[in-house]
Structure formats: C-alpha cells, structure tokens
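What follows is each chain in one-letter form.
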Amino acid sequence: DSGVTQTPKHLITATGQRVTLRCSPRSGDLSVYWYQQSLDQGLQFLIQYYNGEERAKGNILERFSAQQFPDLHSELNLSSLELGDSALYFCASSAAGTMNTEAFFGQGTRLTVV
Amino acid sequence: GQNIDQPTEMTATEGAIVQINCTYQTSGFNGLFWYQQHAGEAPTFLSYNVLDGLEEKGRFSSFLSRSKGYSYLLLKELQMKDSASYLCAALGGTSGSARQLTFGSGTQLTVLP
C-alpha cells in the first residue's frame, strides 16, 4: 500500500458526460501528479500540483482540469468525455515540489466511456 | 521534444541476469527514472539517475550515460515475481511549468522457470 488513495476504483460513463476523480496523497506529501495510461499511448503525465498551486503541465487536454485543495487532496475533472478518454488514471504524490524525486502511485481509477 | 525508446518485450530465465535498455532524447534533461509495473497495478519506483554511472540497489542496478542519451536497468538473480513491465521515464524541460516527465512504452519482461 503506497498510502495514496484514489476514488472511485472504476467508473463507467457515457460520451459527453463529465466526471471527477479524487486523490488523497500520502500523509505529509505536498505534490500530487496525475497520469493517464491507455493501451495505445502508455503512461502520460498530465499535471502536477504542489501545495495548492499548479507546478508543471504535461499533455493535458483543455477538456481536463485539476485542482489541489487546502487539505492537499486533488481532483481531476474530465468533461465532454470521448471514447478515447477510456483509460486508467493514476494519481501519485511526493514530498518535494521538484519532479526529480520518488513518487508513490495510487491504485488508479479505471474510466470506461461508452 | 521528448522521445523515449525501449524494447517492447524481453524474456529471461529464473536466476539469470537481464539488461533492459532505454534511449532518450529530451530537451533540458534532468534525470532518468525506472519504474516497475505489474499487470493491473500501479507503477512502483525503482531508481532515479541524474549523474553518469551505475547505481546499485540490491538485485537492481541502473546506469546512465548523459552524453549518449542512454540508460539501462540491470536485474540480477531473476525471480518469477520480476515478471512485469519496466518503464523508463526521462525528466526534461527547463523549470516550473515547463517540466515534463515522459515515459517510454514499457518493456514487458517475462521470467521463465
């Protein structure tokens, strides 16, 4: 158990809908990272938050947004969902704000868009 | 731009040694990660190299050559539980929001008895 909690574990929704994925980092970790893992594109870095502020941005679509709250949990919002958004979404956390450090991954949320 | 290449699949025998190679092209290179991912599970951190050379951690070692854009993960005394996907990831970008962590597609290692 990495100490990172993601909910829900599974989510099935229809195209065009909006969903929110939630992540609670390890106790004491200030950084939260979001990743998308699909069969055809592998693991892709989406975005990083550090202590409530956006720190780094990867290949995140404009339809996607994230935020980190004062209690350091984070939410990833996916809107206008398309079939291609079906993937495993991982959250990871680390103590530091820099990315050159070990990150601990949650078990992921499997999103299926039908 | 960012580009990571690693073999798609490898097979080795229990007790043997296997080397998984990774080449990268990353602007503003700032380090190379290796992660292990068992099927259906989350990735787990194995190593991070930012300086040239070999870093050993138990049965696993990781090597980096910055001038060649090359890294490898060496697994010794292979065990069946080492069957997993091994992900190479390069950290690039200048700073702040420009930071990028780019993953390779992973090398699926199968350890045979």
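These numbers were taken from a predicted model, which means no experiment stands behind them.

Reading the values: the criteria
- Residues numbered from 1 in each chain as written.
- Chains lettered and ligands numbered in written order.
- Predicted model: local features only at pLDDT ≥ 70, side-chain atom pairs only at ≥ 80, totals over all residues.
- Heavy atoms only, no water.
- Helix = DSSP H or I, 4+ residues; strand = E, 2+ residues; numbered from the N terminus.
- Rg over C-alpha atoms; globule rule 2.2 N^0.38 Å.
- Buried < 20%, exposed > 50% of the residue type's maximum accessible area, 1.4 Å probe, protein only.
- Contact = heavy atoms within 4.5 Å.
- Areas by Shrake-Rupley, 256 points an atom, 1.4 Å probe, with all protein chains shown as cover.
- Lys, Arg positive; Asp, Glu negative; His and termini not counted.
- Charge placed at Lys NZ, Arg CZ, Asp CG, Glu CD.
- Phe/Tyr/Trp six-rings, centres within 6.5 Å; stacked < 30°, edge-to-face > 60°.
- Pairing = 2+ DSSP bridges.
- Axes fitted to C-alpha atoms, helices over the stretch in contact; angles between N-to-C directions.
- Disulfide = S-S within 2.5 Å.

With that out of the way, let us pick up the overall build of chain B. Looking only at helices and strands, one finds 0 helices and 11 strands in chain B. When the helices and strands of chain B are listed from N to C terminus, the series reads β-β-β-β-β-β-β-β-β-β-β. The C-alpha atoms of chain B give 14 Å as radius of gyration, which agrees with the globular expectation for 113 residues (13 Å, within 12%). Overall, the C-alpha framework of chain B stretches about 45 × 30 × 20 Å when taken along its three principal axes. Per-residue burial for chain B yields a buried fraction of 50% across its 113 residues. Counted over contacts in chain B with a minimum sequence separation of 6, partners at least 24 positions apart contribute 56%. Summed over all atoms, the accessible surface of chain B reaches about 5,300 Å², with 49% contributed by carbon and sulfur. Placing the 7 positive and 9 negative side-chain charges of chain B at their respective mean positions leaves the two points 8 Å apart.

What follows covers the environment of S94(A). All names here are of chain A. Mapped onto the fold, S94 is located in strand β9 (residues 87–94). Here S94 falls in the buried class, since its relative accessible area comes to 0%. Sequence-distant contacts of S94, that is, excluding residues within four places in its chain, are made with D29, L30, S31, Y33, T101, E102 and A103.

A few words now on the packing of aromatic side chains. With the rule as written, the count across this model stands at 15 aromatic pairs over all chains. Chaining the aromatic ring pairs together yields one cluster made of Y35(A), F45(A), F90(A), F105(A), F33(B), Y35(B), F45(B), Y48(B) and F103(B).

Attention shifts here to the sheet that holds strand β8 (residues 74–78) of chain A. All names here are of chain A. The 4 strands lie next to each other as β1-β3-β8-β7, forming an open sheet whose pairing is antiparallel. Both outer strands of the open sheet, β1 (5–7) and β7 (64–68), are each paired with one neighbouring strand and no more. This sheet shows a mean twist of 15° between the axes of neighbouring strands, independent of strand direction.

Bringing unusual backbone geometry into the picture now. For the peptide bond that leads from T7(A) to P8(A), omega is -10°, which places it in the cis range. Secondary-structure assignment places P8(A) in the loop between β1 and β2 (10–13). Look at S80(A): it is not a glycine, yet its phi comes out positive at around 45°. Mapped onto the elements, S80(A) comes out in the loop between β8 and β9. Phi angles above zero are rare outside glycine, and E77(B) is one such case at about 45°. One can find E77(B) in the loop between β8 (70–75) and β9 (84–92).

Inspection of every chain in the model, using the stated rule, returns 2 disulfides over all chains. Each sulfur of the disulfide joining C23(A) and C91(A) lies 1.8 Å from the other. Residues C23(A) and C91(A) are joined through a disulfide that is left-handed, its torsion about the S-S bond being -55°. Here the residue C23(A) occupies a position in strand β3 (residues 19–24), and C91(A) occupies one in strand β9, the gap between them amounting to 68 residues. Grouping residues by exposure puts C23(A) and C91(A) together as buried. Residue pairing for C22(B): its cysteine sulfur links by disulfide to C88(B), the two sulfurs lying 1.9 Å apart.

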